[in-house]
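# Fold and geometry: a report
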Amino acid sequence: KFLKGKEEEGKLTFASTWSTFLSSLTPTELLDTRFATTSPHIMSDSDRQLYFSDHVIELQNAEDEKRRRIRDARRRAEKAQRDAFREALVKMAKEGLIVPETRWRGIEERVSGDGEFEAVQAQGREVARELFEDFVYDWKEEYRRDKVTLARVWEMSKKKELPVLGDGDDKKKTMGAAVEDFGRALLESSAGSPDLYGEIRRISNVGAKKNPLSSIHLFYNELRANHSAADTAGKKTKNGHNGKKKQDGDDASSSEDEGEIIEDGEEKEA
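Below you will find a few notes about this structure. Note that this is a predicted model, so its numbers are computed, not measured.

Cut-offs and rules
Residues numbered from 1 in each chain as written. Predicted model: local features only at pLDDT ≥ 70, side-chain atom pairs only at ≥ 80, totals over all residues. Heavy atoms only, no water. Helix = DSSP H or I, 4+ residues; strand = E, 2+ residues; numbered from the N terminus. Buried < 20%, exposed > 50% of the residue type's maximum accessible area, 1.4 Å probe, protein only. Contact = heavy atoms within 4.5 Å. Areas by Shrake-Rupley, 256 points an atom, 1.4 Å probe, with all protein chains shown as cover. Axes fitted to C-alpha atoms, helices over the stretch in contact; angles between N-to-C directions. Parallel < 35°, antiparallel > 145°, perpendicular 65-115°, else oblique. Left-handed = near helix turned anticlockwise from the far one by under 90°. Salt bridge = Lys/Arg side-chain N within 4 Å of Asp/Glu carboxyl O. Arc of directions from axis to C-beta. Core = buried A, V, L, I, M, F, W, Y, C linked by side-chain atoms within 4.5 Å.

### Re the overall build of the chain
- What the chain contains, in helices and strands, is 10 helices and 0 strands.
- Reading the chain from its N end, one meets helices and strands in the order α-α-α-α-α-α-α-α-α-α.
- When the 270 residues of the chain are sorted by exposure, 29% land in the buried category.
- Long-range contacts, defined here as pairs at least 24 residues apart, represent 65% of the contacts in the chain between residues at least 6 apart.
- Total accessible area computed for the chain in this model is approximately 18,200 Å², and 50% of it derives from carbon and sulfur atoms.

This is the structure we're talking about:
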């Protein structure tokens, strides 16, 4: 009871030693019958120190547990903040503002005013950037692995049967519907190979849950971009040929006219 009372008064803590505790006591407290050793029936000085040590150990254990709970609570709070920031990145990726090749400097200004960014920034100056780089790295690595399988199925299939180019009726579909059709076409094309079929099915079912856009969606976008670039290049080449033909025709016509003018001049001179 004596030690408990001193604990409540703040004279005894988990960091107290026997000497510091004694020096904190007043003369009256030193003569307290619960603490004094002058009477034969009272515990010896060594017994008092033993009881003191046991009490301090209990205080230290309680302090360690308190600190552990505080650390755990802080870690949970920081994890929740990091998860919220990642969800913000996922949202931006779904909106097309982030792709696996995006660099931090490309979005830093855009996210700098967001509450999710400020929360993780408070954890450390580089935390937000590191979280972003981990996000796009994991996304890019998963796509790189999945693309090997997707490219195999694409190459072994009849490309004209896959709705990837965005021509005709496909233009009227939403992006989500077009990607779903593309995924089903890949599954159908890989049906003859159990291993490939299983991989395409895994990519279809798992990829979209882990990342904002599935590897199938990314592959679909890549094929569309390649097709669009090739189509644009083809049109430029075609227009260039047509322009050259037209220029050649104009040059020939101009030469004939110039010849006629010269002939008329000669006739006049004659």
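Further notes follow.
### Examining the packing of helix H1 (residues 2-9) against helix H4 (residues 45-94)
- It is at 11 Å that the axes of H1 and H4 come closest, and there the two elements cross at 45°. When the interaxial angle is binned, H1 and H4 end up oblique. Viewed along their axes, H1 and H4 form a crossing whose handedness is right-handed. Contacts between H1 and H4 pair Leu-3, Lys-4 and Glu-7 from the former with Tyr-51, Phe-52, His-55 and Leu-59 from the latter.

### Some words on the pattern of salt bridges
- A complete count under the given rule lists 14 salt bridges for this structure.
- Linking Asp-72 and Arg-75 is a salt bridge whose minimum nitrogen-to-oxygen distance equals 2.4 Å. Separated by 3 residues within a single helix, Asp-72 and Arg-75 lie in helix H4, roughly one turn from each other.
- With relative accessibility at 47%, the residue Arg-75 sits in the partly exposed group.

### A look at helix H5 (residues 104-111)
- Within the sequence span of H5, burial applies to Trp-104, Ile-107 and Val-111. Burial along H5 is one-sided: seen end-on, the buried residues are contained in an arc of 85°. Across H5 from its buried face, at more than 90 degrees, point the exposed residues Arg-105, Gly-106 and Glu-109.
- Buried-residue contacts for H5 involve H4, helix H6 (115-121) and helix H7 (127-156).

### What to know about the packing of H4 against H7
- The interhelical angle for the contact between H4 and H7, taken along N-to-C directions, is 50°, at an axis separation of 10 Å. Here H7 runs oblique to H4, going by the angle between their axes. Considering only the axes of H4 and H7, their crossing is right-handed. Contacts between H4 and H7 involve Arg-82, Phe-85, Arg-86, Leu-89, Val-90 and Ala-93 from the former and Ala-128, Leu-131, Phe-132, Phe-135 and Trp-139 from the latter.

### A few points about the environment of Arg-202
- Within the secondary structure layout, Arg-202 lies in helix H9 (residues 194-210).
- Residue Arg-202 is classed as partly exposed on the basis of its relative accessible area of 33%.

### Observations concerning the side chain of Thr-102
- Positionally, Thr-102 belongs in the loop between H4 and H5.
- Judged by relative accessible area, which is 15%, Thr-102 ranks as buried.

### Regarding the nonpolar core
- Core analysis: the biggest nonpolar cluster contains 35 residues, and Ile-98, Trp-104, Ile-107, Phe-135 and Phe-182 have the highest contact counts within it.
- For this core, the secondary structure elements donating two or more residues are H4, H5, H6, H7, helix H8 (175-189), H9 and helix H10 (215-269).
- The element best represented in this core is H7, accounting for 10 residues.
- Of all hydrophobic cores here, the second largest spans 10 residues; its members include Trp-18, Phe-21, Phe-35 and Phe-52.

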